[in-house]
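Residue-level structure breakdown
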Amino acid sequence: MSATAAPRSSAAARPRKSRHGLGLGLVAWLAGIVFFLPIAWMALTSFHSEADAATNPPSFAASLTLDGYREFFGTGGGASPWPALINSTVASVVSTVCVLLLALPAAYALSIRPVKKWTDVLFFFLSTKMLPVVAGLLPIYLFAKNTGMLDNIWLLVVLYTSMNLPIAVWMMQSFLAEVPVAVIEAARVDGARLPTILARVVAPIALPGIAATALICFIFSWNELLFARVLTGVVAETAPVFLTGFITSQGLFLAKVCAASLVISLPVLAAGFAAQDKLVQGLSLGAVK
């Protein structure tokens, strides 16, 4: 009797598991659609005229136009966005490279060749992210003013590097902890020095983690607004700061702002979509292998 009951119970469990998996799949799809709707709404609004974009409720059958993109790219006589886009690219890319160059040896010292009380060191790195950004705004502004660094793109590079370095060390430490120590010991026996070990042994093995760290640092730098808004003017203006200039107290600007937001968001969206698996792994600090 028990031998015949076991197959029946297992057969009854399979439809239950399939229904459970189907329910989770539907919830995941629903959550994805909910998160995608604002982006789709922004994209659709960017192709409407200002009058159609301002209607309430919005008109889905309104005629499409490229006027918002023309105004953003300055074809109508407005300011060109290219200097701001170039500034954002320089600040994000250079700061990300600097973060990787500094975080890799630090993570190596905290994982593969751990220093004394390395957990305290990691906690200290994390504690630097607990300070509200606005709390350090005034001292940094006074320093930049007294040193003549206001409206300088290299000041943003230094700030973005220091802001992203703690989280980069945390992430890369978790990835470098998975590097086999035997491989490093073999390279050391062959006479390889530390720079060679980092460049030719550790970096290729931890390449997915390095890519995830670089992507997250790039996104954080590209989206940063507070410091860029306060510390820059015309010369070092970044793309998020340029975007805020489209919001005025008079007139209609919704379609133009949506067009500008979509263009400025494209690099981040493209990078995130291209490396979404590495991004999830990086945000989980290596917990998902």
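The following paragraphs examine the structure supplied in this document. Bear in mind the structure is a predicted one, so any value in this text is a computation, not a measurement.

Details of the overall build of the protein
Summing up its helical and strand segments, the protein has 14 helices and zero strands in all. Starting at the N terminus and ending at the C terminus, the protein contains elements arranged as α-α-α-α-α-α-α-α-α-α-α-α-α-α. Scored against the burial criterion, the 289 residues of the protein give a buried share of 35%. Restricting the contact set of the protein to residue pairs at least 6 apart, pairs at least 24 apart contribute 75%. Surface exposure of the protein reaches about 17,000 Å², of which carbon and sulfur atoms provide 71%.

Some remarks on a nonpolar patch on the surface
Judged by side-chain polarity, W41, L44, F60 and L64 come together as a nonpolar surface patch covering roughly 470 Å² of accessible area. Relative to the helices and strands, L64 is located in the loop between α2 (50-53) and α3 (67-72).

So, the pattern of salt bridges
This structure, assessed with the given rule, holds three salt bridges. Salt-bridge contacts for K256 lead to E71; the nearest nitrogen and oxygen are separated by 3.4 Å. Placement of K256 in helix α13 (residues 254-274) and of E71 in helix α3 is noted, with a sequence separation of 185 residues between them. Across the pair E185 and R188 runs a salt bridge, and its minimum N-O distance is 3.2 Å. Here the residue E185 and the residue R188 both occupy positions in helix α8 (residues 181-189), the gap between them amounting to three residues, near one helical turn.

Here's the deal with the packing of aromatic side chains
Centre-to-centre distance and the angle between the planes together describe a pair of aromatic rings. Throughout the structure, instances matching the rule amount to seven aromatic pairs. Summarising the aromatic geometry, the rings of F72 and F246 are spaced 5.9 Å apart at their centres and angled 35° between planes, so their arrangement reads as tilted. Taken as a pair, F72 in helix α3 and F246 in the loop between α12 (239-244) and α13 lie far apart in primary sequence, 174 residues in all. When sorted by exposure, F72 lands in the same class as F246, which is buried. Seen from their ring centres, F242 and F246 are 5.3 Å apart, and the 80° between their planes marks the pair as edge-to-face. A single burial state applies to F242 and to F246, both of which are buried. Counting every residue linked through ring pairs, the aromatic cluster contains F72, F73, W82, F242 and F246.

About the cut-offs
- Residues numbered from 1 in each chain as written.
- Predicted model: local features only at pLDDT ≥ 70, side-chain atom pairs only at ≥ 80, totals over all residues.
- Heavy atoms only, no water.
- Helix = DSSP H or I, 4+ residues; strand = E, 2+ residues; numbered from the N terminus.
- Buried < 20%, exposed > 50% of the residue type's maximum accessible area, 1.4 Å probe, protein only.
- Contact = heavy atoms within 4.5 Å.
- Areas by Shrake-Rupley, 256 points an atom, 1.4 Å probe, with all protein chains shown as cover.
- Patch = residues over 30% accessible without salt bridge, like charges linked within 9 Å, V, L, I, M, F, W, Y side chains within 5 Å.
- Salt bridge = Lys/Arg side-chain N within 4 Å of Asp/Glu carboxyl O.
- Phe/Tyr/Trp six-rings, centres within 6.5 Å; stacked < 30°, edge-to-face > 60°.

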